[in-house]
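# Inside the fold
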Amino acid sequence: MYIIIVGGGEVGYHLARILLSDGHEVLILEQDAARCERLTEELGGVVHRGDGCEAATLESVGTGRADMLVAVTDGDEDNLVACQVAKHKFSVPRTIARITNPKNETIFEMLGIDATVSSTNLILAHIEQELPSHPVIPLLKLKSGTVEVVEVKVPPDSKVVGKKIGSFRFPKGSAVLLVIGKEKGPFIPTNETVLEAEDEVVVITSAENEEAMRSILSGK
Amino acid sequence: MNVIIMGCGRVGAQLAGMLDAEGHKVTIIDVEPYSFRRLPSTFNGLAMVGNGLEEESLKKAGIEEADVFVTVTQGDNRNVMACQIAKHIYHVPKVVSRIYDPIREEMYHNLGIESVSPTKVVAELLKDRIEG
């Protein structure tokens, strides 16, 4: 695939390395001359100096035949415009934008960007995972965030400790996929599985039922 | 009319003063309070510190009741993003953006954003002067 990366910062650089080692044709667009030089030293001739939001620049690097454009600058508005120009002017089939402000996720989706990656949300999720007190950890979003895989840690003082999974009434479309026991390690539970204190329970649920699943499993 | 102007540079401040003098209800927002010094001393509208790309600032500026939303910041991308938020999320009836880059201007014009490219307009005016 021919993939254009807009923005040659750390994210752009590492993304390019991965894609190149997977055998893709890659081109990085970066505005800063010094940065371009460094990237060229590291990656070879896959760097072009220019503004990835400018149609003329995109034209000169053959965006018309690109299979994908990924905009990973640190400016949300720049990523939006780069993707929109790629889509509307060059009919690039797939555009992906990095976003810093998590609130822009829905806006970008409404404005026709195929996928967004919120670096802020990812970092927050990872930090949350390290916080022992935090009861629900988002692991994965599917179907544009309408279906979620989350992890709930059973508090030691919870009234669900000692109860069978089959004894709970989960909301529609929600289920327990995996239990990671403190001593037992990970296993696929049945309705007969008895929850223990500090079990990590991985569940699939819908966005609107996440709260309900949390209160059932944390016993509050 | 309720008008929100994003960006209080020379153009934003001048436009705000003109519309205010004609009796429109003008709110001008800018991330930098120092830029409000450009507003004429007779300006009766509201000058608000805020970022037009953020929901809270837009709501505080009264985007839900706005008839017109104009973006004249220095950044083309900021201008078009804010305009698209105003048009597609808040359904402001009239949305106008300044876009310096003529190619980008043409594209967003085709996408339904009313826009003016000073680069194109000024170049044409200068050409007329030179040849006229």
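Residues numbered from 1 in each chain as written. Chains lettered and ligands numbered in written order. Predicted model: local features only at pLDDT ≥ 70, side-chain atom pairs only at ≥ 80, totals over all residues.

A separate point is the pairing of strand β2 (residues 25-30) of chain A. Residue and element names in this part refer to chain A. For β2, the tally of buried residues reaches five of six residues, placing the bulk of the element in the interior. Where strand β1 (residues 2-6) lies against β2, five bridges are found, and the strand directions are parallel. Following the sheet pairing, V6 is matched in β2 by L29. Note that the unit made of β1, helix α1 (residues 10-21) and β2 has a crossover that is right-handed. (Buried ≥ 20, exposed ≤ 12 C-beta atoms within 10 Å, placed from the backbone. Helix = DSSP H or I, 4+ residues; strand = E, 2+ residues; numbered from the N terminus. Pairing = 2+ DSSP bridges. Right-handed = clockwise from strand over helix to strand, strands pointing away.)

With that out of the way, let us pick up the interface of chain B and chain A. Facing 16 residues of chain B, the contacting portion of chain A comprises 15 residues. Those elements giving two or more residues to the side of chain B that touches chain A turn out to be α3 (76-89) and α4 (102-110) of chain B. Examining the composition of the side of chain B that touches chain A, we find that eight residues originate from one element, α3(B), more than from any other. Considering only residue class, the side of chain B that touches chain A consists of eight nonpolar, four polar and four charged. (Contact = placed C-beta atoms within 7 Å. Nonpolar A, V, L, I, M, F, W, Y, C, P; charged D, E, K, R; others polar.)

It is worth spelling out the domain arrangement of chain A at this point. Each domain of chain A was delimited in the assignment, giving domain 1 (2-118) and domain 2 (128-218). Taking the mean C-alpha position of each, domain 1 of chain A and domain 2 of chain A sit 37 Å from one another. (Domains from an automatic or database assignment.)

Moving on: the sheet that holds strand β10 (residues 185-187) of chain A. Residue and element names in this part refer to chain A. Read from one edge of the open sheet, five strands run β7-β8-β11-β9-β10, paired in antiparallel fashion. Each edge of the sheet is formed by a strand with only one pairing partner; in this case those strands are β7 (136-142) and β10. Pairwise comparison of adjacent strand axes, ignoring direction, gives a mean angle of 20° for this sheet. By the bridge criterion, five bridges tie strand β9 (residues 175-181) to strand β11 (residues 200-206) in an arrangement that is antiparallel. (Axes fitted to C-alpha atoms, helices over the stretch in contact; angles between N-to-C directions.)

Within the chain, A:E198 stands out as a residue other than glycine whose phi angle is a positive 65°. Inspection of the secondary structure assignment puts A:E198 in the loop between β10 and β11. For B:H91, which is not a glycine, the phi torsion comes out positive at approximately 50°. By the secondary structure assignment, B:H91 is in the loop between α3 and β5 (94-98).

Membership of the largest hydrophobic core comes to 67 residues, with the highest contact counts inside it found for A:I5, A:L69, A:A82, B:I4, B:I5 and B:F69. In contact with A:A82, other than residues within four places in its own chain, are A:V6, A:G52, A:C53, A:L69 and A:A71. (Core = buried A, V, L, I, M, F, W, Y, C linked by C-beta atoms within 7 Å.)

The next point concerns the environment of A:G45. Residues and elements named next belong to chain A. Locating G45 in the fold gives a position in the loop between α2 (33-43) and β3 (47-49). By C-beta crowding, G45 is classed as exposed, having 7 other C-beta atoms within 10 Å. Separated by 69 residues in the primary sequence, G45 and D114 place their C-alpha atoms 28 Å from one another.

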